[in-house]
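Structural overview for review
So the chains spell out like this:
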Amino acid sequence: MTTVQPQYQAADGSPQAVPGGRGPSGPRVSDDMTVEVALSLMAGARVDHLVLCDGDDRSTGLITLARLAVLRGSPAYTDRIRLRDVLAPTG
């Protein structure tokens, strides 16, 4: 009898184009989600980005794990920052 060893492949969490030119694919989340919740979701889903949506479920942007990690390490970070605030232009 031969034992079969399962082979696991890591999920590719990088943004992919969606047919029809609708933008990148990936988990879609509300832009009012906090950074802490988003980081937890990314870890659980094993992805490196999230597609942000407004109240009408229209895509408003893409947020990456790398961008959130930099923000979380900054002195200005609080656990109340929403994803839409991360996308807002600074200036």
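Refer to the structure presented above.
Description of the structure in this document. From a predicted model like this one, the values you see are computed outputs, not experimental measurements. (Residues numbered from 1 in each chain as written. Predicted model: local features only at pLDDT ≥ 70, side-chain atom pairs only at ≥ 80, totals over all residues. Heavy atoms only, no water.)

Points about the sheet that holds strand S1 (residues 28–30)
Reading across the sheet, the three strands line up as S1-S2-S3 and stay open at both edges, with mixed pairing between neighbours. Whereas interior strands pair on both sides, the edge strands pair on one side only; in this sheet they are S1 and strand S3 (59–64). On average, adjacent strands in this sheet sit at an angle of 35° to one another, irrespective of strand direction. As defined by bridge partners, S1 adjoins strand S2 (residues 49–53) across three bridges and the pair is classed as parallel. Looking across to S2, one finds that Ser30 is bridged to Cys53. On top of the sheet, helix H1 (residues 35–45) reaches S1, S2 and S3; it is set at about 130° to S2, its chief contact. (Pairing = 2+ DSSP bridges. Helix = DSSP H or I, 4+ residues; strand = E, 2+ residues; numbered from the N terminus. Axes fitted to C-alpha atoms, helices over the stretch in contact; angles between N-to-C directions. Contact = heavy atoms within 4.5 Å.)

Concerning the pairing of S2
The element S2 is extensively covered by neighbouring structure, given that five of its five residues are classed as buried. Going residue by residue along S2, you find His49, Val51 and Cys53 tucked away on one face and Leu50 and Leu52 tucked away on the opposite face as well. The handedness of the S1 to S2 crossover, carried by H1, is right-handed. Here S2 pairs with S3 via five bridges, running antiparallel. Paired with Leu50 across the strands is Ile63, a residue of S3. Connecting S2 to the antiparallel partner S3 that follows it, the hairpin turn spans five residues, and Asp57 within it adopts a positive phi of roughly 60°. (Buried < 20%, exposed > 50% of the residue type's maximum accessible area, 1.4 Å probe, protein only. Right-handed = clockwise from strand over helix to strand, strands pointing away.)

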